[in-house]
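So the chains spell out like this:
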Amino acid sequence: MNVRLYLWQRATAAVMAPLVVVHIAVIFYATRHGMSAADILSRTRGSIAWAAFYGLFVSAVSIHASIGVRNVLSEWTPLNERRVDACAVFFGLVLAVLGLRAVAAVVLP
Amino acid sequence: MIGRAAKHRDSALWIAAMVHRVSGLALAIFLPLHFLALGLALESEARLESFLRWSDQPLVKAAEIAFVFLFTAHLLGGLRILVIENFDWRDGQKQLATLAAALSAIVAFAFLVRVF
Amino acid sequence: MTTELSVSLWRGARNGRYETYRVPLRSSQTVLDVVTFVQRHIDPTLSYRFACRVGVCGSCAMTVNGKPRWTCRTHVAKVAGGGRLEIGPLANLPVIKDLATDMQPFFEKWQQAKSAFAPTKTRHDAIARIRPDTPARKAADAAIECINCGVCYAACDTVRWNADYLGPAALTRAWTLVNDERDGGNIARLEAIAGAGGCHACHSHQSCQELCPQALNPTAAIAGLKRRTAAAYLKGEIKV
């Protein structure tokens, strides 16, 4: 961990704090109303707001989680620094690709 | 390592840090699966719907409740760090950490009540 | 009411083992008294460190029932539940023999953190007038009483997990210097503590703060350093 990674991780954490609260509220709302796939998708499809919200969320979590995983790998496994960096970058890319694909899946009309 | 497990690891703040780390790891494992599930909508709405129905079974719902707890705990643990690092030092953090754990449990319990 | 204490002491170096001794239980006994009794009356080959015996030098720090403490200031009555005591050398440091550790890595990290005063004046200049009530001086004074006993370093899990981590003591001293208006070495110091193993490796477990016998707060000092290095980096004053 150095000052650069630290700033990215803390900044994305701060950005996500309110997004997490909204997301929990969304989950509660969806489960309370027993929403089906059709109900959910009818609200998200074609919505710029949902695209922006979850697009931002996915981007932030890809950075935040990959740096977090990097710390854990570095402290709790015997992997050397280059391997740890490679794993973290790979994981971040996996999250970004799958995440943005998931956002596209629910917002594209 | 010489000696048995150190007693300071009974401290509420140390436990808070461990919960934060372990919850982060659990969420890191969960997230790609979560994204793959949502991506099913790319195939068809029916495909997503059948997945949602599959996830109605009690074992999956129990796992979801666990994730809601971990998600909330990770958020509150993260807020603990952001406060320590960006504001003046405050005492009484142990009590706040315990409160955060209780709050996560309450949120998870509220979710449980909704889905069961 | 038992009259004897069963105490396990670490014997040997890294590949040693605990050996058990029976020691008479006395009122107001400290853990250092127990160790001294073993060395004087049972086994003279026991190696351990102490100096002042009265809680001002920090030399007698050892692991007592899993926690790093000053043994001269730890009453047996407070820690020996059930008449048993386990004493080992400080964690996170190489063991020389028995209860004595090699403090060299601890002090090397002190140097690596550039936690040494960098003067800007000479003896020919007037003495600097430092106000004791400025926020910076108060922050420095709150952290200055470190006597390098190593308890925080031994307690820290991040030190245990991260071989590069400079540790709470070195960083706390760096914090006092960062707040010292007479010091001229801040750019180099902030760069030294902004890289891998620097202040950002701290996870705020706060074992250091809970166990420091001088009631210092390395977690708070390190939090301050995180802010200072972040600001310096964003302003382009340091490179990482």
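Residues numbered from 1 in each chain as written. Chains lettered and ligands numbered in written order. Predicted model: local features only at pLDDT ≥ 70, side-chain atom pairs only at ≥ 80, totals over all residues.

1. Details of the interface of chain A and chain C
And step 1. Of the residues lining the interface, eight residues belong to chain A; the matching set on chain C comes to 13 residues.
And step 2. Of all the secondary-structure elements, those providing two or more residues to the side of chain A that touches chain C are helix 1 (3-32) and helix 3 (48-76) of chain A.
And step 3. Among the elements that line the side of chain A that touches chain C, the one with the most residues is helix 1 of chain A, at four residues.
And step 4. Across the side of chain A that touches chain C, the residue classes tally to five nonpolar, one polar and two charged. (Contact = placed C-beta atoms within 7 Å. Helix = DSSP H or I, 4+ residues; strand = E, 2+ residues; numbered from the N terminus. Nonpolar A, V, L, I, M, F, W, Y, C, P; charged D, E, K, R; others polar.)

2. Digging into the nonpolar core
And step 1. Grouped together as the largest cluster of nonpolar side chains are 69 residues, with contacts concentrated most on C:Ile87, C:Val151, C:Cys152, C:Leu171, C:Ala174, C:Ile193 and C:Leu225.
And step 2. With eight residues, helix 10 (residues 218-234) of chain C is the single largest residue contributor to this core.
And step 3. When residues of this core are sorted by domain, at least three fall in each of domain 1 (4-101) and domain 2 (104-234) of chain C.
And step 4. In this structure, C:Leu225 is in contact with C:Leu171, C:Ala174, C:Trp175, C:Val178, C:Ile193 and C:Cys199, ignoring residues within four places of it in sequence.
And step 5. Ranked by size, the runner-up nonpolar core spans 23 residues in total, among them A:Val58, A:Ala65, A:Leu98 and A:Val103. (Core = buried A, V, L, I, M, F, W, Y, C linked by C-beta atoms within 7 Å. Buried ≥ 20, exposed ≤ 12 C-beta atoms within 10 Å, placed from the backbone. Domains from an automatic or database assignment.)

3. Considering the pairing of strand 5 (residues 84-88) of chain C
All names here are of chain C.
And step 1. Here strand 5 lies mainly inside the structure; four of its five residues are buried.
And step 2. Of the strand pairs in this sheet, strand 1 (residues 4-11) and strand 5 are connected by four bridges, and their pairing is parallel. Paired with Ser8 across the bridge in strand 5 is Glu86.
And step 3. As paired elements, strand 3 (residues 61-64) and strand 5 share two bridges and run antiparallel to each other. Counted as the bridge partner of Thr63 is Gly88 from strand 5. (Pairing = 2+ DSSP bridges.)

4. Re the confidence of the model for chain A
And step 1. Averaged over all residues, the pLDDT of chain A equals 93, while 100% of them reach at least 70.
And step 2. Averaged pLDDT values over the elements of chain A bottom out at 88 in helix 2 (residues 37-44) of chain A and peak at 96 in helix 3 of chain A. (pLDDT = per-residue confidence, 0-100.)

5. Quick look at the sheet that holds strand 5 of chain C
Residues and elements named next belong to chain C.
And step 1. If you walk across this open sheet you meet the five strands as 2-1-5-3-4, and the pairing is mixed. With partners counted over all chains shown, the strands left at the sheet margins are strand 2 (17-24) and strand 4 (67-70), one partner each. Put simply, the sheet's adjacent strands are angled 35° from each other on average, direction ignored.
And step 2. Strand contacts of helix 1 (residues 31-42): strand 1, strand 2, strand 3 and strand 5, with the helix running at about 95° to strand 2, the strand carrying the most contacts. (Axes fitted to C-alpha atoms, helices over the stretch in contact; angles between N-to-C directions.)

6. Looking at the interface of chain B and chain A
And step 1. In this complex, chain B contributes 23 residues to the contact, which on the side of chain A involves 25 residues.
And step 2. With ten residues, helix 1 (residues 12-39) of chain B is the largest single contributor of residues to the side of chain B that touches chain A.
And step 3. Partitioning the side of chain B that touches chain A into residue classes produces 16 nonpolar, three polar and four charged.

7. With respect to the packing of helix 3 (residues 58-86) of chain B against helix 10 of chain C
A pair of packed helices is captured by two measures, namely the crossing angle of their axes and the spacing between those axes.
And step 1. The interhelical angle for the contact between helix 3 of chain B and helix 10 of chain C, taken along N-to-C directions, is 80°, at an axis separation of 7 Å. Compared by their axis directions, helix 3 of chain B and helix 10 of chain C come out roughly perpendicular. Contacts from B:Ile84, B:Glu85 and B:Asn86 in helix 3 of chain B reach C:Thr219, C:Ala223, C:Lys226 and C:Arg227 in helix 10 of chain C.
And step 2. Classifying every residue of the contact of helix 3 of chain B with helix 10 of chain C by side-chain character gives two nonpolar, two polar and three charged. (Parallel < 35°, antiparallel > 145°, perpendicular 65-115°, else oblique.)

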